[in-house]
Amino acid sequence: MTDPLNSKELVKMLFAGQRLARIPFIPWVYTHAAKLEQVEVRAMLTDPHRLSMALQRAWRLYKYDAICCPFDPTLEAEICGCEMVWPGPNRPPFIRSQTPAAGPVPLPDPSHLNGQGRMPVVLEAMRRIKTVSGRTAACVVAMAGPLFLAMSLAGDDSPEDFLADQERAGMFLERAGQAAVNFARIYGELEPDILAIVDPLAAGPQAGPREIITAQYHSLGNVARFYNCHPILVTQWTRAGRPEAVWDLNLEGVVLCGRIAPEQIRPLINKGLVVGIEVPVSESDPSGPDFTATLADFFQAAGRRNLFVTTAREVAFDTPPAALHRLVKAIRNTPL
């Protein structure tokens, strides 16, 4: 198995468009790290020492290619005023829907964003990870995208509800976009290798007022590049998805969650985008001929460049470690 200490250089090659000797694997491991440490999720997420140590130990154990801190799109919503609910000590918080009649959620002073909620814990944990492992491990920050954040602030659970009133939707998008740029600056100061913007509906046919969203992503892309990190979108891909909805966003890559065929990634690769495809973490052995042949087909369709593998969502807290070990091994051993 390839030495995991090469992960930072491998990610550099990935975004430089160089031919790759193997497929990089960047799973979204966050709360699962608490399971490995045998601590409660809430205890880990509220203690920077526990969080940084747990994430680094998980990376060393599984030997994947980047450490992600945070992977929690509710983090930014909490700072913007959304109420969080902790359903249990071993489950991450979720957003209690705002009451739309209550009006716009006031945004805090940008200069104080990093001193509220759970943000100080995450920032300190990321600093420690960069100090200890940053020379050999690629680091990823995942943050809520403008559309996800706008819907959270508006208290809407579906794009149809959110877009029912275009004027109201535009107002929330403007405010969410301002906040997202502030968050990108705060994270950028930590100099992560990748800024992953989690916006499940951003590439869909009903993504909202396109001009506003495109302008916001252009700003986010510019901020990320100012801090020398690679901006990517993490989104849901459907049959109605349009490649041009992604490549107009001034980003360097996209993670497509959903069923997608190798030939569908070619337009994105040809535009110079890095593409992430999802693989499931299951208890069955993934090293069978169907799995390895599919990965090889994607790698060949990408021209052995600009492609990495990730998980469909955050790796669940109670995922058996053996399942993730098998997945890492199958990806590393895929004949290319």
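Scroll up to find the structure.
Presented here is a report on the structure given in the accompanying data block.

Cut-offs and rules
- Residues numbered from 1 in each chain as written.
- Predicted model: local features only at pLDDT ≥ 70, side-chain atom pairs only at ≥ 80, totals over all residues.
- Heavy atoms only, no water.
- Helix = DSSP H or I, 4+ residues; strand = E, 2+ residues; numbered from the N terminus.
- Buried < 20%, exposed > 50% of the residue type's maximum accessible area, 1.4 Å probe, protein only.
- Contact = heavy atoms within 4.5 Å.
- Areas by Shrake-Rupley, 256 points an atom, 1.4 Å probe, with all protein chains shown as cover.
- Pairing = 2+ DSSP bridges.
- 1 Å grid on protein atoms, 1.4 Å probe; cavity = no way out; pocket = protein on both sides within 12 Å on 5 of 7 lines; lining within 4 Å.
- Points joined across faces, edges and corners; volume = space filled by probe spheres on them.
- Nonpolar A, V, L, I, M, F, W, Y, C, P; charged D, E, K, R; others polar.
- Polar contact = N/O pair within 3.5 Å; in protein donor to acceptor, adjacent residues only side chain to side chain.

This part is about the overall build of the protein chain. A tally of regular secondary structure across the protein chain gives 14 helices and nine strands. Counting the 336 residues in the protein chain, one finds 57% classified as buried. Sequence separation of 24 or more characterises 74% of the internal contacts of the protein chain that already satisfy a separation of 6 or more. In the structure as shown, the protein chain presents an accessible area of about 14,000 Å², 50% of it carried by carbon and sulfur atoms.

The buried fraction of strand 4 (residues 138-144) is high, at seven of seven residues. Neither face of strand 4 is left uncovered, since the one carrying Ala138, Val140, Ala142 and Ala144 and the one carrying Cys139, Val141 and Met143 both have all their residues buried. Judged from the four bridges that link them, strand 1 (residues 66-71) and strand 4 form a sheet pairing that is parallel. Paired with Ala66 across the bridge in strand 4 is Ala138.

Quick look at the layout of surface pockets now. Approximately 700 Å³ is the volume attributed to the largest pocket. Pro73, Thr74, Phe148, Val198 and Pro200 are the residues nearest the centre of the largest pocket, which is lined by 33 residues in total. Among the secondary structure elements, those contributing two or more residues to the lining of the largest pocket are strand 3 (94-96), helix 7 (146-154) and strand 6 (230-236). Considered class by class, the residues forming the lining of the largest pocket number 18 nonpolar, eight polar and seven charged.

For the rest of this paragraph, the subject is the pairing of strand 7 (residues 253-257). Summarising burial for strand 7: five of the five residues are buried, a large majority. Here strand 7 shows a buried face lined by Gly253, Val255 and Cys257 and a second buried face lined by Val254 and Leu256. Relative to strand 7, strand 6 runs parallel, the two sharing five bridges. Within strand 7, the position partnered with Thr235 by the bridge is Leu256. Relative to strand 8 (residues 274-279), strand 7 runs parallel, the two being bridged by four bridges. Looking across to strand 8, one finds that Val255 is bridged to Gly276.

One can find Glu252 in the loop between helix 11 (244-247) and strand 7. On the accessibility criterion, Glu252 (19% relative accessible area) is buried. Among the polar contacts listed, one links the side chain of Glu252 to the side chain of Arg225, at a separation of 3.2 Å. Separated by 2.6 Å, the side chains of Glu252 and His230 make a polar contact.

Attention now goes to empty space enclosed by the protein. What the rule picks out here adds up to one cavity of 30 Å³ or more. As a volume, the largest cavity reaches approximately 40 Å³. Tyr30, Leu45, Leu51, Pro70, Asp72, Leu75, Arg118 and Val122 are the residues that line the largest cavity. Here the residues of the lining of the largest cavity sort into six nonpolar, no polar and two charged.

Everything listed is a geometric property; what it means functionally is a separate question.
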